[in-house]
Amino acid sequence: MQEVTVTKTQPVLEISLSGELVSENAEEFYGEVAAAYAASPADIVFDCAALQFIDSTALGTFVKILKKVKTDGKALKLTALQPRLKKLFVICALDTIMEIA
């Protein structure tokens, strides 16, 4: 189960994530983020403090979102990742293409 909550839309689209992002809910996650972005195109900041687990499909979904925002000249940033989740992004070298704070 995952939860996506848009907490602020301007000047940055702030989105809080909680629970687990896995293959079973990755499309729903993408759809919710894409709808929020379409309604208010801006840099996206994901607050991941309550995110407990992600799988490879979720990593791919973050890349898919990144491609869309970069195409529009915007940026994507992940904040408050738990160390074990941050390690996944580093192992996959995703920290070289997106900001992880």
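Residues numbered from 1 in each chain as written. Predicted model: local features only at pLDDT ≥ 70, side-chain atom pairs only at ≥ 80, totals over all residues. Heavy atoms only, no water.

Remarks on the overall build of the protein chain
Regarding its fold elements, the protein chain presents 3 helices and 5 strands. Of the regular secondary structure in the protein chain, the N- to C-terminal order runs β-β-α-β-α-β-α-β. Taking 13 Å as the expected radius of gyration for a compact globule of 101 residues, we find that the protein chain reaches 12 Å, a close match to that expectation. Along the three orthogonal principal directions, the C-alpha set of the protein chain runs to about 30 × 30 × 20 Å. Put simply, the protein chain has 101 residues, and 40% of those count as buried. Across the protein chain, every contact between residues at least 6 apart in sequence was considered, and the portion connecting residues at least 24 apart equals 66%. For the protein chain, the accessible surface area stands at approximately 5300 Å², while carbon and sulfur atoms represent 57% of it. (Helix = DSSP H or I, 4+ residues; strand = E, 2+ residues; numbered from the N terminus. Rg over C-alpha atoms; globule rule 2.2 N^0.38 Å. Buried < 20%, exposed > 50% of the residue type's maximum accessible area, 1.4 Å probe, protein only. Contact = heavy atoms within 4.5 Å. Areas by Shrake-Rupley, 256 points an atom, 1.4 Å probe, with all protein chains shown as cover.)

Observations regarding the pairing of strand 4 (residues 76-79)
Within a regular strand, the side chains alternate between the two sheet faces. Two strands pair when backbone bridges link them, and strand 3 (residues 43-54) and strand 4 are joined in this way by 4 bridges, in the parallel orientation. In the strand pairing of strand 4, I44 is matched with L76. For the crossover that starts at strand 3, traverses helix 2 (residues 56-71) and ends in the parallel strand 4, the hand is right-handed. A crossover links strand 4 with its parallel partner strand 5 (residues 99-100), the connecting element being helix 3 (residues 83-91), and its sense is right-handed. (Pairing = 2+ DSSP bridges. Right-handed = clockwise from strand over helix to strand, strands pointing away.)

Re helix 1 (residues 26-39)
Structurally, the α-helix is built with 3.6 residues per turn, so residues lying three or four positions apart point the same way. In this model helix 1 runs 20 Å from its N-terminal to its C-terminal C-alpha over 14 residues, within 8% of the 20 Å that 1.5 Å per residue would give. Buried residues of helix 1: A26, F29, V33, A36 and Y37, and no others. Each buried residue of helix 1 lies within a common arc of 105° when the element is viewed along its axis, so the set occupies one face. Exposed side of helix 1, more than 90 degrees from the buried face: E27, A38 and A39 are the residues found there. (Expected span 1.5 Å × (residues − 1). Arc of directions from axis to C-beta.)

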